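# A look at the structure
Next come the chains, spelled out residue by residue.
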Number of protein chains: 2
Amino acid sequence: MAMLRRTVLALLAAGLSSLGAPAFAQTEPLPSWNDGKAKQAILDFVGKVTQEGGPDFVPPERRIATFDNDGTLWAEQPVYFQLQFALDEIRRLAAEKPELKGKEPYRSVLARDLKALSADHGKGLLQAMMTTHTGMTTDAFANIVGNWLDTARHPTKQRRYDEMVYQPQVELLRFLRSQGFKTFIVSGGGVEFMRVFAEKTYGIPPEQVVGSSGVVTYRLDASGRPDLFKQAKAEFIDDGPGKPVGINRFIGRRPILAFGNSDGDLQMLQYTAAGNGPRLALIVHHTDAEREWAYDRNSPIGKLDKALDEGRAKGWTIVDMKADWKTVFPGKP
Amino acid sequence: MAMLRRTVLALLAAGLSSLGAPAFAQTEPLPSWNDGKAKQAILDFVGKVTQEGGPDFVPPERRIATFDNDGTLWAEQPVYFQLQFALDEIRRLAAEKPELKGKEPYRSVLARDLKALSADHGKGLLQAMMTTHTGMTTDAFANIVGNWLDTARHPTKQRRYDEMVYQPQVELLRFLRSQGFKTFIVSGGGVEFMRVFAEKTYGIPPEQVVGSSGVVTYRLDASGRPDLFKQAKAEFIDDGPGKPVGINRFIGRRPILAFGNSDGDLQMLQYTAAGNGPRLALIVHHTDAEREWAYDRNSPIGKLDKALDEGRAKGWTIVDMKADWKTVFPGKP
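Parameters at a glance
Residues numbered from 1 in each chain as written. Chains lettered and ligands numbered in written order. Predicted model: local features only at pLDDT ≥ 70, side-chain atom pairs only at ≥ 80, totals over all residues. Heavy atoms only, no water. Salt bridge = Lys/Arg side-chain N within 4 Å of Asp/Glu carboxyl O. Helix = DSSP H or I, 4+ residues; strand = E, 2+ residues; numbered from the N terminus. Buried < 20%, exposed > 50% of the residue type's maximum accessible area, 1.4 Å probe, protein only. Lys, Arg positive; Asp, Glu negative; His and termini not counted. Contact = heavy atoms within 4.5 Å. Domains from an automatic or database assignment. Buried area = accessible area lost by both parts, 1.4 Å probe. Nonpolar A, V, L, I, M, F, W, Y, C, P; charged D, E, K, R; others polar.

### Re the pattern of salt bridges
All names here are of chain A. Applying the stated criterion to the full structure yields 39 salt bridges over all chains. Across the pair arginine 92 and glutamate 89 runs a salt bridge whose closest N-O atoms are separated by 2.8 Å. Note that arginine 92 and glutamate 89 are positioned in helix 3 (residues 81-96) at a spacing of three residues, about one turn of the helix. Arginine 92 sits in the partly exposed class, given a relative accessible area of 35%. Overall, the relative accessible area of 5% leaves glutamate 89 in the buried class.

Structure representation (C-alpha cells):
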C-alpha cells in the first residue's frame, strides 16, 4: 500500500493536468540517440502500437520486446565477456592452487596460448568453460560471477564489465517499459551468468532472461537441505534457430520488437518481423572503431553478414553505431 | 497514457483518503475461503512480507509464488484433463477420417478400452498423446486446444473444463498479485496446452507458465514464412525434482510461496520452504467427495502420500478442501 501511495503521490506531483498530453512529449526519452532514421523508426513504432483506438494499437500484454545481449546490450570485443570471465577464473583458481598450473587448461590460459586453447575444435576453451561453470551449485556460481564483476576490468577499456553496456540501449529498454512493453534478454550467453547482473544493469529481472543453459540437478545435501547443482552437460543453446525456439519456450508469445547485432540473431529477427501487425526488427551495426569497435562480415566474434543483407533487403532498422549513437558507454560520449 | 489516466481516475474514485488504511482491510480478499488455520496462515504470511519496515518484509521483485495446476488450480479427476483432451481429439480425428477407426490408438480409444491403452507401459496412451500433441505447428496446436475448450464438457460434472477451476485459488492468485506478488504456474502439464487458457482463466500470462515440453523446431515454410513445429520427442518433464529445476531455469529465483497437491510437488515445496526468510508451503488435500473428489495416498492420479507426511512434519499448510473452501467451483458452493 505504501508503494501505491507513493505512486499516487508521484502522479499528483507530476500534475494530473498533464495527463491529456501525448505519451512522451515532455521529456526526451532517448537522449543518447542522435536524431535520424533509426531513432525515428523507434519513436514511430512505439507511438503507433501504444495509440489506443489507432489501427496499429497493441495491448500491453502483447508488447514483448526481445534483446540479444553480447554486442547488442553490452560489448563483445575482444572476446565474449563470459569467456573472459572463464579465463580470469582459471587464473584465479591457479593462483589459489599452484599445483594446477602445469595442468590443462590452466597451463595454456596462464601462457595466454590461444592457439593451444583453440586446437582440437577449441577443446581447451571448452575445458576452461566447463571448469568454471559447472560442478558447483547455482548459488555458488552466482557468487563467483558477482565477485568477478566487482573486481575484473576490461583489458583495453579498463572499465568494469557491467559498465561496458550501451547507454542508448539502457535508455531504450527503460523507454519501452515506460510504454507498457515487457523487455526480455534472448541471448546465446549463459542464463545463470546473465541473471547475476541483468536486473541491476538493465532493469530486466531473472525471469525475463532467456539464454543458453546446462543441465541442473536437484539434490538434498547431507543435512537434507535442497540445492541445485550445475552438471557438466550442455542442455540448450539459445543461438540462431534456437532463439525463436527459446522465445516460444520461455515467453510463449511472438515479440513485436527484436534487437540483435549478428547472424546469431537472424532467426529471432525473421520470426519477429513475420508476425501479423506492426513489428520492428533492429540490428546494431558496429561501425565505430574509435569509441567502440568496427566489425561485421569478417569478425569471428559477432559476425554480421547474412542478417545484414536480409535486414537491408527487408527494410529492418540498421542502427549505425557511429552515426546514430551520441554516447556509447555510460558516462562518456 | 490513456491507461495511466484510467488508473489515476480509478484511484481518485476509490478515494485517496483510504490510502492510509491497512492493505486489505476494506474488502474480503478471499471470500470463498472459510475462516480457519489455512486462510489465516495465508493472510498472516502476506501481511508480514508486505509490511514495509517490518522484519519479514520482502521486496516486490522477490515475491514469487508458484502454483501447480492439475489438482491445485483445477480438478484432475477422473483423469488429467490434458489426457482427456487427447482422447477427445482422437475421437474427433477418427470421426473426420473413418479409415483411422481400425488403427491404434484410435480403435482402443473409440472402444474405451483403457486396459489395451495402458498395456505395455501405457504405449497406447502415449501414442494418443503424441498423435494429438505433435506433428503440427505451435499455432495449429493452440487453435485445436482452444476449440476443444469451447466444445468439450467434463464427463461427470458437465462443465467446461476451464470452469473446473477452483474459485478459492482464483481469488488467491488475484489477491497475491494485488499485494505485489508475481504468480507462476509450475506444472507437469504441457506448457503449450496450459498457455492457451492460463491468461484468461487465471490471469497468468504465457511467460509465467512453466510446464513440460517437447522439442520444437524452427522452420521456414515453402514461402519463406517462419513457423515452430512440434516434434514427437519429449524434452523436459516438469514434475518431482524437475519442478525446482524448472523454477531455476524459467524463473531464476526461489519462490517464497508454493502451492501443490501431490507427491509431484514435493521437491518444489521443499525447495521453497528451505529458502531464507519467510516462506509459505501449501498443499490442497482433496477431502471433499461430495463437491469434488476425495483421494490421497492410493490415488493413481494426484497421489498425495510422502508430501502429506513431510508437510505435516514440517508444519506446511495443509488445506482441507471440505473444511477450508466455502465454494469449490465458480458459480456454485
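### Comments concerning the side chain of aspartate 238 of chain A
All names here are of chain A. Note that aspartate 238 resides in the loop between strand 5 (226-236) and helix 9 (242-250). This buried residue, aspartate 238, is left without a salt bridge; lysine 243 holds the nearest opposite charge, at 5.5 Å. Setting aside anything within four residues of it in sequence, one finds aspartate 238 in contact with Val186, Ser187, Gly188, Val210, Gly211, Ser212, Lys243 and Gly246.

### Here's the deal with helix 10 (residues 266-273) of chain A
By the criterion of burial, helix 10 of chain A is predominantly enclosed, with seven of the eight residues buried. For helix 10 of chain A, every residue scored as buried is listed here: Leu266, Gln267, Met268, Leu269, Gln270, Tyr271 and Thr272 of chain A.

### Description of the domain arrangement of chain A
All names here are of chain A. Per the domain assignment, the segments making up chain A are domain 1 (2-79 + 165-324) and domain 2 (81-151). Each of domain 1 and domain 2 has a C-alpha centre, and the two are 29 Å apart. In this assembly, 19 residues from domain 1 lie in contact with 18 residues from domain 2. In total, domain 1 and domain 2 occlude about 1600 Å² of area from one another, counting both sides; carbon and sulfur atoms represent 73% of this. The largest share of the area that domain 1 buries against domain 2 comes from Val79, Phe193 and Lys230, three residues that together contribute 42% of it. Within the residue set of the side of domain 1 that touches domain 2, elements represented by two or more residues are strand 3 (182-190), helix 8 (191-202), strand 4 (209-220) and strand 5. It is strand 5 that contributes the most residues to the side of domain 1 that touches domain 2, six residues altogether. Residues belonging to the side of domain 1 that touches domain 2 are distributed by class as follows: 10 nonpolar, four polar and five charged.

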